[in-house]
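A look at the structure
Residues per chain, in single letters:
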Amino acid sequence: MQNCNLKFRNKIDLKRAIDFHGHLGPYLVLGLLMGDLAIKKLECKKHFGIKVIVKGAFNKPKSCLIDGIQLSAGCTYGKGNIQKLASDRIEVLFRNTENNKKIAIRLNDGLIKKLTSLRGHNDSEVFAKELSRLSPTDLFNFRF
Ligand SMILES: [Zn+2]
């Protein structure tokens, strides 16, 4: 697989993410980028300084987002600092547990349109690689 050596801000590389998750898809990459963005914006500690609620990513492929978030934010089901809730729209709420600062991140409309137009595994993999080269602020809307 090509382009697996891309480094994210918090040193999560795509190869490690694929090893963990089992395949490369756009929602996995989006999860990596979201977690990175949240840690940067909230200035919080990975693993223990952050809690996450993932809305609207209950089933595959959308739920692949959760594995990306677990890797990049260090919130895991094992530690109990991530949970998922049903919703009709993806929104991920991150909270800095030290100062209670929060950020809510959504996919922007152009991105949602592109994701729903993807057909088949190859399409998804190609788009996933493109995503990992973009800036998070081109993909997401966020509010504090
Ligand atoms: Zn997946």
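Model, not experiment: these values are computed from the prediction.

Moving on, we get to the coordination of the zinc ion. Bound to the zinc ion on the protein side are His21 (NE2), His23 (NE2) and Cys64 (SG), at distances that span 2.0 to 2.1 Å. Read in sequence order, the donor residues coordinating the zinc ion give the pattern H-x1-H-x40-C. On the accessibility criterion, His21 (17% relative accessible area) is buried.

Under the definition given, this model contains one aromatic pair. Where Phe142 meets Phe144, the ring centres are 6.0 Å apart and the plane angle is 80°; that geometry is what we call edge-to-face. Accessibility expressed as a relative area gives 56% for Phe144, which makes it exposed. Note that Lys79 overlies the ring of Phe48, its terminal NZ or CZ placed 5.5 Å from the centroid. In this structure, Lys84 packs its charged tip against the face of Phe58, placed 4.5 Å from the ring centre.

Once that is clear, we can look at the nonpolar core. Formed by 42 residues in total, the largest nonpolar core has its most connected members in Leu30, Met34, Leu65, Ile69 and Phe94. Those elements that place two or more of their residues in this core are helix H1 (14–21), helix H2 (26–42), strand E1 (50–55), helix H3 (64–73), strand E3 (91–96), strand E4 (102–107), helix H4 (109–117) and helix H5 (120–131). Ranked by residues supplied to this core, first place goes to H2 with eleven residues.

A word on the environment of Leu71. Along the chain, Leu71 turns up in helix H3. According to the relative accessible area criterion, Leu71 is buried, its value standing at 11%. Measuring from C-alpha to C-alpha, the distance between Leu71 and Asn99 comes to 22 Å, with 28 residues separating the pair along the chain.

Under the counting rule described, the total for this entry stands at six salt bridges. Put simply, Lys55 and Glu91 hold a salt bridge, and the shortest N to O gap is 3.9 Å. Taken together, the positions of Lys55 in strand E1 and Glu91 in strand E3 put the pair 36 residues apart, joining distant regions of the chain. According to the relative accessible area criterion, Glu91 is buried, its value standing at 8%.

Next up on the list: the sheet that holds E4. What the five strands build is an open sheet, ordered E2-E1-E3-E4-E5; its pairing is mixed. Either end of the sheet is taken by a strand with one partner, and the two such strands are strand E2 (82–85) and strand E5 (140–143). Neighbouring strand axes in the sheet, compared pairwise and without regard to direction, differ in orientation by 20° on average. Against the sheet, H2 contacts E1, E3, E4 and E5, and its axis sits at roughly 150° relative to E4.

Calculation criteria
- Residues numbered from 1 in each chain as written.
- Predicted model: local features only at pLDDT ≥ 70, side-chain atom pairs only at ≥ 80, totals over all residues.
- Heavy atoms only, no water.
- Donors = N, O, S within 2.8 Å, 3.2 Å for Na, K, Ca; no water.
- Buried < 20%, exposed > 50% of the residue type's maximum accessible area, 1.4 Å probe, protein only.
- Phe/Tyr/Trp six-rings, centres within 6.5 Å; stacked < 30°, edge-to-face > 60°.
- Lys NZ or Arg CZ within 6 Å of the ring centre and 35° of its normal.
- Core = buried A, V, L, I, M, F, W, Y, C linked by side-chain atoms within 4.5 Å.
- Helix = DSSP H or I, 4+ residues; strand = E, 2+ residues; numbered from the N terminus.
- Salt bridge = Lys/Arg side-chain N within 4 Å of Asp/Glu carboxyl O.
- Pairing = 2+ DSSP bridges.
- Axes fitted to C-alpha atoms, helices over the stretch in contact; angles between N-to-C directions.
- Contact = heavy atoms within 4.5 Å.

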